[in-house]
Amino acid sequence: MKNRKMKIRETVMTRALCLAFGSMMLPVAVQAQDNTPEAEKNTQRVEITGSSIKRIDKEQASPIQIVKREQIEQMGASTLQQVLANISANVPDLKDSQSLFTGMDGASSANLRGLGTQATLVLLNGRRLSSYGATYGFQYQFVNIDSIPVDAIERVEILADGASAIYGSDAIAGVINVITKTSYRGLDVRVNAQKSMQTNSNGEYGAAFTYGFGDLAKDKFNIFGTLSYYQRDAVYLPEILSSIPDDYYKYHPSFLTNMRITEGSGPGVLNPGTLFAFSSVGTNRAPAQGCPTPLSLKADGSNTTCALNTLNLGKFWVPSSKRTNGFISAHFDINDNVQAFAELAVTHIDLTTAVGPPNFSSGDYPSWYARNTGVKLNTLTFPYLSAKNPYNTLPAKLQGNMGGVAGISYRFLDAAGLAKQSTVDDEFRLVAGLKGNTGRWDWETALTLAETHSVMNQRGSNPSVSGLLAAFGPYTTDPKTGYTIMSDNPAYKFGVDNASNRALLEKMYPNVQYPSWDKVANLDGKISGKIATLPAGDLMMAAGFNLNYENYSSPGDTAAANGDIWWQGGSWFKGQRTSQALFAEFLAPITRSIEADFAIRDDKYPGFDNNIVPKVGLKVQALNTLLVRGTYSEGFRAPSLAESGTGGIYAVSQVQDPIRCAQTNAIADVLMKSANASDVTTGKNLLNSECSAYNIGGVTSPNSKLMPEKARISTVGFVFQPTKDFDISADYYFINRKNEINPENYNQLLERAIAKFGPDIADVPGVMLRTPVSPQDKANQGQAAAVCAANPGLCSKLPVYTVGQVGGMIGSYINQSQTLVDGFDVNANARFGLGEYGRLNLGLQTTIARRFIVKGADGEWQENSVGAYNSPRITGRFSALWNYGQWDLALAANYTGPQRLQGVGGWYDPSYDQESCETRLDTPKSLCSKGIASITTWTSNISWRLRKDMKLDLNIQNLFNHRPEYDPRGNYGVNNYDNFLGRIVKLSFNYQFK
């Protein structure tokens, strides 16, 4: 029955497309008499984002926002990410300045409606780009919008409506189409520099050169190119201490003291580290021999550490970035009806930052899976010092705690310049095609070749198992405590800076490299034109095809794949596919005041049936001053090659373990009933200690049986223009996305395994694996057993651990969730003529979110997240522009509405529930009820045209030096929507040689 249904759907689509293509070849009866007015015949039609049909009226059924070149300059934007930060429908997402250690280092993404980068299609001149090398969250392929040079942009068109019927996969929340100049003659030079007034760094610098020659009208050709360079300085923690909200220091009094700025050893001093030993009352510390800065952590002088000043140890805030972009465009008129065109875009991005020197701290570290070690969990131990090790100088009073064995905490300060994070990204895109007209038909076809090659390098964060063994082996096991013991004469010498140690450090912390490639080859073609003249006007039609090949490869790091790099399992992806699409669109004037738009597209991807999506739009000119419009469409997103190809994610994950929670609390309950203070202390430390999520090794595998995500999208709104100098529009949007692709939930996998196999199950092949009960677990249950033996009445049953902690979980991608969002977009513009004082333009764009709700894998709808943490209800931008002679003065305000402290979904934290929140030591009680206040920042721009060909711009962002309000959930107390760099001044100069 399913096949029969599919066959019918394909037949309908085939007939529709045949009709569309056939109409180009056959005369239409109603075309016999052409009553089109001559003036309309001579009016040039233009193509706008969201439609394949060229039209006279730029206003269409779908709402569209256009950001022009001069508006970008007034924003002070140096990157496309900064442009989109001024668009109310775009929700802050990945930005390269905050991308380190996300797995997407060096990239920025678009995020219309907050539905994720996977739901926003980014185009360059109406065609797709290759994806960034790294995947978003190890799952979605996305366009790095930083690869598009701002200096080449003529305008950005943002279609905040579904457009899969026009463009295919991904266009669920909307489309961002970046459009460059089509021709240019002369030389244009632009240079700019900006600086934060609050930090000593954070400079941004740029230069761009555009040169073009050839006049299409006279010479029948035009070629121009833009070469641009952008550089941003790195910012480290010491630079932003004055930007951190005052309340952060108030509620984190140990923030600065823990850095030991005044008590600790400074740069250039090899701190010998701190020795430690465990006891029943906690951890006892003593400085290693030769410590220059001993610091007691207790008033009685016990528990002493060797203090180290960590303020300047590579605590990054913003990485440095260098970007070089090149763009070349060429157009050649072959004859009066045919034009050849080509585009070449190349990008090189180099992002890097120093990170803190690595740390050695004796103990066992969480296990992980690796690609080439099967279902075996890999383990890492930083070994302890034996009682005979010359470096073990524990005081006599501490030697009995662990039988003379000592742990050591040590910072590898001799690793200067070793620890760093960097990404190099190279992208190119070549488009070559022909376009022209034949009679009433416009046609265009092009071949696109695009490739991205990204290499992410990490060093100093993840130690090598074999490197540690080479530095501190051979290992032995202490017979009394079970601790792993290093050699008494290890190759690496603590407290020494020499070439041998440096070579060993390079083995302990090798460069972990993740290269990736994304390749795209695309052939497209379309025609558009008038197929009939109806009583109300021209019946327009467009039709076309698309043939697309994708190849994605990310082989991972070899050492990580072999299980040698802690917490790096060698995640890898590989996949390729070819997809085909046919599409058609009709634009029909029903009456002089009613226009209908219908589009349909059929995409065929390997792995699932044809995906057919329609779109219907209606535009009604109800009054001369009032236009009413609405659309309905269906959208889809094909599974990415990372989700559906081969490979897998081998990474650190988390799980909540109800069995360990119950067994640990049972032991804690017995200990807290003891008359012995030491037992009570241990019990209190254990209570609920394993009820929160803890780190495990996780594997998520691609799934070739995934189905595409589907969505139903609609808009309805109006445009009211009572005068030529004032207009206001309001549009309601609704998106219901189903069949969403997500990794399987490890908590649910664990619950199902326990329900099926019982609470004592330790190994479910292909699902989960527990580690053995640890020596510390045995010590805790032995301590509880002693309490029970001394007080039999306290224990109805002896509490024990029947299983160890979960070490690893294995899952896959599945279709499982649903998201519903809706809200309103409101835009208004007013223009005033001021006579001899020029003109004044005012603008307002606002997005008012109504609902953002998610149905999880359990089938239950979550709470509406609008207004909750990181999801403000209202975002908007007010702008004013005064044109006066040689001067343009712009003023703009960006507004973000208030947010509750409690979040929804991934942002939910039970400690921010009202009652719990008021007991938090890092949160003022007033914030628990009021939440984060609204945020308003102002930007001004003064543009002075010294001459016709020369312009100077002074741009000031955060004009009134707004300081961020304290957000206890934000990074260093700064909310994701806020500005932490204070007032920023940018100076730009532009000269045109004609």
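Residues numbered from 1 in each chain as written. Predicted model: local features only at pLDDT ≥ 70, side-chain atom pairs only at ≥ 80, totals over all residues. Heavy atoms only, no water.

Moving on: the packing of helix α10 (residues 465-472) against helix α11 (residues 499-508). If you want to describe how two helices pack, look at the angle between their axes and the distance between the axes. Running from amino to carboxyl end, α10 crosses α11 at an angle of 155°, the nearest separation of the two axes being 7 Å. With respect to each other, α10 and α11 are oriented roughly antiparallel. Facing α10, whose interface residues are Gly467, Leu468, Ala470, Ala471 and Phe472, α11 presents Leu504, Lys507 and Met508. (Axes fitted to C-alpha atoms, helices over the stretch in contact; angles between N-to-C directions. Helix = DSSP H or I, 4+ residues; strand = E, 2+ residues; numbered from the N terminus. Parallel < 35°, antiparallel > 145°, perpendicular 65-115°, else oblique. Contact = heavy atoms within 4.5 Å.)

With that settled, the discussion passes to the pattern of salt bridges. Under the definition given, this model contains 41 salt bridges. With a shortest N-O distance of 3.5 Å, Lys619 and Glu595 are connected by a salt bridge. Here Glu595 lies in strand β28 (residues 594-604) and Lys619 lies in strand β29 (residues 611-623), a separation of 24 residues in the sequence. Classification of Lys619 by relative accessible area gives buried; the value is 8%. (Salt bridge = Lys/Arg side-chain N within 4 Å of Asp/Glu carboxyl O. Buried < 20%, exposed > 50% of the residue type's maximum accessible area, 1.4 Å probe, protein only.)

The next thing to look at is the sheet that holds strand β11 (residues 282-287). Spatially, the 4 strands line up as an open sheet ordered β11-β10-β20-β17, and their pairing is antiparallel. In this open sheet, the two strands that pair with only one neighbour each are β11 and β17 (359-361). Averaged over neighbouring strand pairs, the angle between their axes works out to 20° when direction is ignored. The pairing of strand β10 (residues 274-279) with strand β20 (residues 407-411) spans 3 bridges and is classified as antiparallel. Bridge pairing in β20 places Phe276 opposite Gly407. (Pairing = 2+ DSSP bridges.)

To continue, consider the side chain of Asn955. Along the chain, Asn955 turns up in strand β42 (residues 950-957). Only 3.0 Å separates the side chain of Asn955 from the backbone oxygen of Gln74, close enough to count as a polar contact. A polar contact is formed between the side chain of Asn955 and the backbone oxygen of Ser940, at a distance of 3.5 Å. In this structure Asn955 touches Glu73, Gln74, Met75, Gly76, Thr939, Ser940, Asn941, Ile984, Val985 and Lys986, once residues within four positions along its chain are discounted. (Polar contact = N/O pair within 3.5 Å; in protein donor to acceptor, adjacent residues only side chain to side chain.)

With that settled, the discussion passes to the domain arrangement of the chain. As far as domains go, the chain holds domain 1 (46-236 + 318-352 + 423-457 + 514-644 + 706-741 + 813-898 + 933-993) and domain 2 (646-705 + 742-812). Listed per partner, the contact involves 24 residues of domain 1 and 18 residues of domain 2. Together domain 1 and domain 2 conceal approximately 1800 Å² of surface at their shared face, both sides included; 49% is due to carbon and sulfur atoms. Contact with domain 2 buries area across many residues of domain 1, yet Trp567, Trp572 and Tyr813 alone supply 35% of it, more than any other trio. Put simply, domain 1 and domain 2 have 0 salt bridges between them. Taken together, the connections running from domain 1 to domain 2 amount to 12 residue pairs in polar contact (both at pLDDT 80 or more). Elements supplying a minimum of two residues to the side of domain 1 that touches domain 2: β27 (572-589), α13 (641-644), β34 (726-743) and β37 (806-833). Residue contributions to the side of domain 1 that touches domain 2 peak at 4 residues, all from β37. Classifying every residue of the side of domain 1 that touches domain 2 gives 12 nonpolar, 8 polar and 4 charged. (Domains from an automatic or database assignment. Buried area = accessible area lost by both parts, 1.4 Å probe. Nonpolar A, V, L, I, M, F, W, Y, C, P; charged D, E, K, R; others polar.)

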